[in-house]
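# Commentary on secondary and tertiary structure
Each chain, letter by letter, is given below.
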Amino acid sequence: MLDNTTGMPSFDSLQTPFRGRIGRSIVHIRKTSSTMQDARELVKLAEDIVELHGTVIIADQQTRGRGRFGRSWDSTPGKDILLSLIVCPRPSITPQLTIMASLAAALGVEALTDSAATIKWPNDVLVDGRKICGVIAEGSMIGENFAGILGIGLNVNSRPAKDAYRTYQATSIRELTNPNQAINRVDVLSVLLAKLNELYTAIDKGESIMPEWRDRLATIGSQVAVSIPTQNENADDEVISGIAEDIDEFGRLLIRESGGTLRAVASGEVTTRTHSHIP
């Protein structure tokens with residue numbers, strides 16, 4: 001079966017090797033408003049959400065794709081990986097799900113490009129300071145079960161335009177390997193699913209993937225400003241500034257403010273200002 005926009009093998013062919021795991025069911029959509037919304041609808045309609053565990057919804061084109069804080073995620077149709085993954089783990093391992101997704105993407109990028117990938121806290125994947133992947137996550141308890149949805153946008157064949165107004169530029173797997181040779185998105189998804197399965201198996205066994213994630217955080221040791229949206233749409237965002245010293249056991253960023261106070265930040269938009277010499 002061929003991919004309906006590129007002539008490549010269909011993503012559906014990957015269901016067999018990942019049966020029973022992450023990627024056990026792959027829903028391939030030509031065009032959708034948002035794979036996150038599609039995943040929400042599946043969860044809403046499911047009689048037993050546990051049966052959805054490992055389901056991947058992947059689209060060739062999104063008309064209303066969104067990243068963190070509702071920002072649009074732009075992608076040329078048929079070029080990149082635009083997916084949402086439904087996971088139904090036991091509640092105790094849910095704090096590591098977004099960590100799992102960004103780390104899997106970083107490991108996948110390295111395997112496909114031989115380039116070192118870092119993570120801009122909390123979950124943007126960068127190569128040489130350029131963004132190649134973004135991750136968003138949401139979840140809720142439905143009865144006694146947790147339903148989580150992880151959104152992953154990975155630049156594969158797109159050629160991101162330079163934008164002087166961005167704090168950092170973008171790149172893609174194709175740009176990092178051979179700009180003249182199209183990358184098979186099925187191969188990329190296969191590698192990504194393999195990394196997701198490896199990491200999910202680890203955390204399901206009670207292992208922590210936090211140290212490996214922490215080692216890739218480009219944010220640690222930098223002077224940062226974290227903008228935290230307030231509940232009041234008429235109020236300015238709260239901004240916490242200081243040195244990003246470390247993360248805690250929950251993945252929160254520990255920021256040492258100028259007055260010496262150590263603040264733990266769970267989420268927010270990070271702007272890196274200067275680099276210090278903290279290891």
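Details of the structure are given in the entry above.
Description of the structure in this document. Values in this document were obtained by computation on a predicted structure and should not be read as measured data. (Residues numbered from 1 in each chain as written. Predicted model: local features only at pLDDT ≥ 70, side-chain atom pairs only at ≥ 80, totals over all residues. Heavy atoms only, no water.)

### Concerning the overall build of the chain
Defined as follows: Only DSSP runs of H or I reaching four residues or more are called helices, and only runs of E reaching two or more are called strands; each is numbered from the N terminus. For the exposure calls, accessible area comes from a 1.4 Å probe over protein chains only, and a residue counts as buried if that area is under 20% of its type's maximum, exposed if over 50%, partly exposed in between. Throughout, a residue-residue contact means that at least one pair of heavy atoms, one from each residue, lies within 4.5 Å. Here the accessible surface of atoms and residues is derived via Shrake-Rupley with a 1.4 Å probe, and residues count as covered only by protein chains that are part of the display.
Within the chain, the secondary structure is distributed over 5 helices and 12 strands. Residues classed as buried in the chain amount to 48% of the 279 residues present. At a minimum sequence separation of 6, the contacts of the chain that also span at least 24 residues come to 64%. Counting every atom, the chain has about 13,600 Å² of accessible surface; 47% of that belongs to carbon and sulfur.

### Some points on unusual backbone geometry
In this chain, Trp121 is followed by Pro122 through a cis amide linkage whose omega measures 5°. By the secondary structure assignment, Pro122 is in the loop between strand S4 (118–120) and strand S5 (124–127). A positive phi angle, near 65°, is found at Asp114, a position not held by glycine. Looking at where Asp114 falls in the secondary structure, it is placed in the loop between helix H2 (97–113) and S4. Given a relative accessible area of 74%, Asp114 falls into the exposed group. Phi is positive for Asp128, close to 55°, though the residue is something other than glycine. You can see Asp128 is positioned in the loop between S5 and strand S6 (130–142).

### Regarding H2
Because each turn of an α-helix spans 3.6 residues, side chains separated by three or four positions end up pointing in the same direction. Our working definition: Expected helix span is computed as 1.5 Å times (number of residues minus one).
Spanning 17 residues, H2 covers 24 Å between terminal C-alpha atoms, matching the ideal 24 Å at 1.5 Å per step. One or two positions beyond H2, positive phi appears at Asp114, with a value near 65°.

### Looking at the packing of H2 against helix H4 (residues 185–204)
The following threshold applies: What counts as an axis is a line fitted to C-alpha atoms, over the stretch in contact for a helix, and the angles between N-to-C directions run from 0 to 180 degrees. Angle categories: roughly parallel below 35 degrees, roughly antiparallel above 145, roughly perpendicular from 65 to 115, and oblique for all the rest. Crossing chirality is assigned from the near helix's rotation relative to the far helix, an anticlockwise turn below a right angle marking it left-handed and a clockwise turn marking it right-handed. Polar here means any residue other than Ala, Val, Leu, Ile, Met, Phe, Trp, Tyr, Cys and Pro, which are nonpolar, and Asp, Glu, Lys and Arg, which are charged; Gly is therefore polar.
Where H2 contacts H4, the two axes come as close as 8 Å, and the packing angle between them is 135°. Considering their axes alone, H2 and H4 lie oblique with respect to each other. When you trace H2 past H4, the crossing you get is right-handed. Contact with H2, carried on its side by Leu97, Met100, Ala101, Leu103, Ala104, Ala105, Leu107, Gly108, Ala111 and Leu112, involves Val188, Val191, Leu192, Lys195, Leu196, Leu199, Tyr200 and Ile203 of H4 and no other residues of that element. When grouped by side-chain class, the residues that make up the contact of H2 with H4 number 16 nonpolar, 1 polar and 1 charged.

### Points about the environment of Glu198
Locating Glu198 in the fold gives a position in helix H4. What makes Glu198 partly exposed here is its relative accessible area of 47%. Sequence-wise, Glu198 and Met100 are 98 residues apart; in three dimensions their C-alpha atoms are separated by 9.5 Å.

### Here we look at the sheet that holds strand S7 (residues 145–154)
The condition that has to hold: By this definition, two strands are paired if DSSP reports at least two bridges between them.
What the 7 strands build is an open sheet, ordered S1-S2-S3-S7-S6-S5-S4; its pairing is mixed. Both edges of this open sheet fall to strand S1 (25–32) and S4, since each of them pairs with a single strand only. Each neighbouring strand pair of the sheet contributes to a mean axis angle of 20°, computed without reference to strand direction. Sheet topology note: the S4/S5 ladder contains 3 bridges and is antiparallel. Looking at the pairing, Lys120 lines up with Asp124 of S5. Contacts from H4 reach S1, strand S2 (55–62), strand S3 (81–87) and S7, with the element oriented near 30° to S3.

### Some remarks on the environment of Ile203
The residue Ile203 is located in helix H4 in this model. Measuring from C-alpha to C-alpha, the distance between Ile203 and Ile93 comes to 6.8 Å, with 110 residues separating the pair along the chain.

### Observations regarding the side chain of Asn197
Relative to the elements of secondary structure, Asn197 occurs in helix H4. Not counting residues within four places of it along the chain, the set of residues in contact with Asn197 comprises Phe18, Arg21 and Ile22.

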